[in-house]
Amino acid sequence: MSLYSLVKSLADNKQLLGMRYAEWCTAAPSLEADIAAAAMGLDDIGHSRVLYGSLRELGAPDTAADEGDYASVPYLDAPWTDWSQFVAANAVLDSAFSLMIEALANGNVEVLRSRLKKMLQEERYHAMHGHSWMREVHAGDAVARAWREALEWFGPEDQEVDELLRQGKLAYGVRDLQRLLTERAEGRPPDAAIDWSKWDPVRRRTAPGAIDQATRDMLQGLAEKRYMPAGSG
Amino acid sequence: MGYVRVHASVREYDVFARKARVEPLRQVGSVVAPDDDLAMAYARATYDEERWVEMMIVPRDAVIRLWGPGESER
């Protein structure tokens with residue numbers, strides 16, 4: 001796997017995470033949490049734009065399919081229906097993505113070293129938000145799912161991510177990422193082993209499926225166009 | 001419309017910030033949160049629209065008032 005595909009997947013996940021956060025900006029349990037959801041959504045959509053913008057300097061995608069499709073975790077395929085899902089994504093998945101940003105920002109690829117550091121400052125507040133809400137909300141099932149998908153997204157040991165570590169492009173390998181996530185995120189890794197034979201190395205997940213049509217429309221701006229006056233679309 | 005508080009126990013925090021080192025810190029608002037972590041996240045989310053060089057929060061119950069408006073200096 002190329003560095004390009006890893007960064008593309010990170011950007012896809014960040015864009016979707018930002019959108020899912022933003023969907024809660026009028027539905028969170030308090031006004032403060034509404035505002036935080038909007039602010040974190042803006043942060044992550046901004047991060048995805050910077051990451052997409054860096055791809056040009058990182059070579060070429062591994063496959064053509066990699067270009068058109070979203071290489072994102074199943075957790076982000078459809079809108080969340082419960083605040084506990086927001087909290088678990090915030091406390092676990094967001095931290096997992098931040099660890100990969102840290103690995104890239106401390107690697108030897110100059111464009112990423114210079115552009116990604118600011119994201120980590122903003123992500124500090126996402127982590128605090130997640131930590132605190134985890135004390136308030138019983139998010140057991142959502143946390144277990146978020147953990148599992150985060151570990152799947154890091155990928156299997158001794159393969160692509162670890163190869164990028166050997167090349168110096170990443171500062172952390174799979175084991176480092178797993179250990180750091182255990183230290184920083186809430187909850188703990190799932191007991192059941194991941195069936196890597198089902199793992200899709202492009203989309204970085206074992207589950208089939210993809211983002212739903214409503215999400216796809218939203219990302220393409222179609223949902224907004226429906227509300228435009230006739231003739232202006 | 002009343003606003004329902006979701007946390008069992010919360011603290012109020014005042015938010016202070018300044019745009020330049022030569023300016024005094026001023027109170028820019030307040031947040032309500034169950035702990036310091038969430039208070040920091042809320043303060044940053046709510047009041048980050050300006051280019052502050054410094055931002056800090058203080059639990060309101062840590063502030064000791066010497067006197068207030070309409071009271072004589074004691």
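Keep in mind it's a predicted model, so treat the numbers as computed, not measured.

Enquirer: Please set out the overall build of chain B residue by residue, giving values where relevant.
Expert: Looking only at helices and strands, chain B features one helix and three strands. Counting from the amino terminus, chain B carries its helices and strands in the arrangement β-β-α-β. For chain B, the C-alpha radius of gyration of 15 Å lies well beyond 11 Å, the compact-globule estimate for 74 residues.

Enquirer: Would you mind going over the overall build of chain A in detail, with residue names and values included?
Expert: Within chain A, the regular secondary structure consists of eleven helices and zero strands. A compact globule built from 233 residues would reach a C-alpha radius of gyration of about 17 Å, and chain A, at 17 Å, matches this within 12%. Its C-alpha atoms give chain A principal-axis dimensions of about 50 × 45 × 35 Å. Of all 233 residues assigned to chain A, the portion counted as buried reaches 45%. Taking the contacts inside chain A whose residues are at least 6 apart along the sequence as the reference set, 77% of them involve residues at least 24 apart.

Enquirer: Please give an account of the interface of chain A and chain B that cites residues and values.
Expert: How big an interface is tends to be stated in terms of accessible area lost as the parts join. The interface is formed by 13 residues belonging to chain A together with 16 residues belonging to chain B. Within the residue set of the side of chain A that touches chain B, elements represented by two or more residues are α2 (31-55) and α6 (117-136) of chain A. Top element by residues in the side of chain A that touches chain B is α6 of chain A. It accounts for six residues. Residues that form the side of chain A that touches chain B fall into these classes: seven nonpolar, four polar and two charged.

Enquirer: Go over unusual backbone geometry with me, naming the residues and quoting the values.
Expert: Residue and element names in this part refer to chain A. Even without being glycine, D158 reaches a positive phi, approximately 60°. Examined against the element boundaries, D158 turns out to sit in the loop between α7 (140-154) and α8 (160-166). A residue is classified by how many C-beta atoms lie within 10 Å of it, and D158, with 11 of them, is exposed. With phi around 60°, R204 is a residue other than glycine that occupies positive phi space. Position of R204 among the secondary structure elements: in the loop between α9 (174-184) and α10 (213-219).

Enquirer: Explain the sheet that holds strand β3 (residues 54-59) of chain B to me, using residue names and the numbers behind them.
Expert: Residue and element names in this part refer to chain B. Pairing within the open sheet is antiparallel, and its three strands lie in the order β2-β1-β3. What marks the edges here is a single partner per strand, and that holds for β2 (26-33) and β3. The sheet shows a mean angle of 25° between the axes of neighbouring strands, direction not considered. Taken together, the seven bridges between strand β1 (residues 11-18) and β2 define a ladder with antiparallel strand orientation. In the sheet register, Y13 faces β2, and the bridge partner there is V31.

Enquirer: Account for the nonpolar core, with residues named and values stated.
Expert: Residue and element names in this part refer to chain A. Counting residues in hydrophobic clusters, the biggest one holds 76 residues, and the most contacted among them are V92, L93, A96, A146 and A150. Counting residues per element, this core draws most heavily on helix α4 (residues 83-105), at 16 residues. In this structure A96 touches A150, W153, F154 and L181, once residues within four positions along its chain are discounted.

Enquirer: Describe α6 of chain A, listing the residues and the values that go with them.
Expert: Its 20 residues place the ends of α6 of chain A 30 Å apart at the C-alpha level, agreeing with the 28 Å of an ideal helix rising 1.5 Å per residue. E123 of chain A marks where α6 of chain A bends most, by close to 25°. Considered for burial, the residues of α6 of chain A that qualify are M119, E123, Y125, H126, A127, M128, H129, G130, H131, S132, W133 and M134 of chain A. Where α6 of chain A is buried, its residues contact α2, α4 and α9 of chain A together with α1 (36-47) of chain B.

Enquirer: Residues and numbers for the confidence of the model for chain B, please.
Expert: Residue and element names in this part refer to chain B. Within chain B, residue pLDDT values average 90, and 92% of them lie at 70 or more. The element-level mean pLDDT for chain B is lowest in β2, coming to 95, with β3 highest at 97. The ipTM assigned to the predicted complex is 0.79, against a pTM of 0.89.

Enquirer: Hey, could you go over the confidence of the model for chain A for me, with residue numbers and the actual values?
Expert: The share of residues in chain A with pLDDT of 70 or more is 96%, and the mean pLDDT across the chain is 92. When the elements of chain A are averaged for pLDDT, helix α3 (residues 64-68) of chain A gives the smallest value, 58, and α4 of chain A the largest, 98.

Enquirer: Would you mind going over the packing of α2 of chain A against α6 of chain A in detail, with residue names and values included?
Expert: All names here are of chain A. Closest axis-to-axis distance for the α2/α6 pair is 11 Å, and the angle between their directions is 145°. Considering the relative orientation of α2 and α6, their crossing is left-handed. When α2 is examined against α6, the residues A36, M40, D43 and H47 are found in contact with a partner set consisting of M119, E122, H126 and H129.

The rules behind the values
Just so you know, the residues in each chain are numbered from 1, in the order the chain's sequence is written. Here every chain gets a letter starting at A, and every ligand a number starting at 1, in the order they are written. Where totals are concerned, whole chains, interfaces and linings use all residues; where local detail is concerned, this predicted model gives features only for residues with pLDDT of at least 70, and gives and counts side-chain atom pairs only at 80 or more. Starting at the N terminus, helices and strands are each numbered in turn, a helix being any DSSP run of H or I of at least four residues and a strand any DSSP run of E of at least two. Between the two quantities, the radius of gyration covers C-alpha atoms and the globule rule is 2.2 Å times the number of residues to the power 0.38. With C-beta atoms placed from the backbone, a residue counts as buried when 20 or more other C-beta atoms lie within 10 Å of its own, as exposed when 12 or fewer do, and as partly exposed for counts between those limits. Whether two residues are in contact is decided by their C-beta atoms, placed from the backbone, lying within 7 Å. Ten residues, namely Ala, Val, Leu, Ile, Met, Phe, Trp, Tyr, Cys and Pro, are considered nonpolar, four, namely Asp, Glu, Lys and Arg, are considered charged, and the remaining ones, Gly among them, are considered polar. Any two strands with at least two DSSP bridges between them are considered paired. Under this scheme, a helix contributes an axis fitted over its contacting stretch, all axes are lines through C-alpha atoms, and angles between N-to-C directions fall in the 0 to 180 degree range. By definition, a nonpolar core groups buried Ala, Val, Leu, Ile, Met, Phe, Trp, Tyr and Cys residues that are joined through C-beta atoms within 7 Å. The span one expects for a helix is its residue count, reduced by one, times 1.5 Å. What the bend at a residue measures is the angle between two axes, fitted to the seven residues ending there and to the seven starting there. Confidence scores per residue from the predictor, reported as pLDDT, run from 0 to 100. Helix crossings are classified by the rotation of the near helix relative to the far one: an anticlockwise turn of less than a right angle makes the crossing left-handed, while a clockwise turn makes it right-handed.

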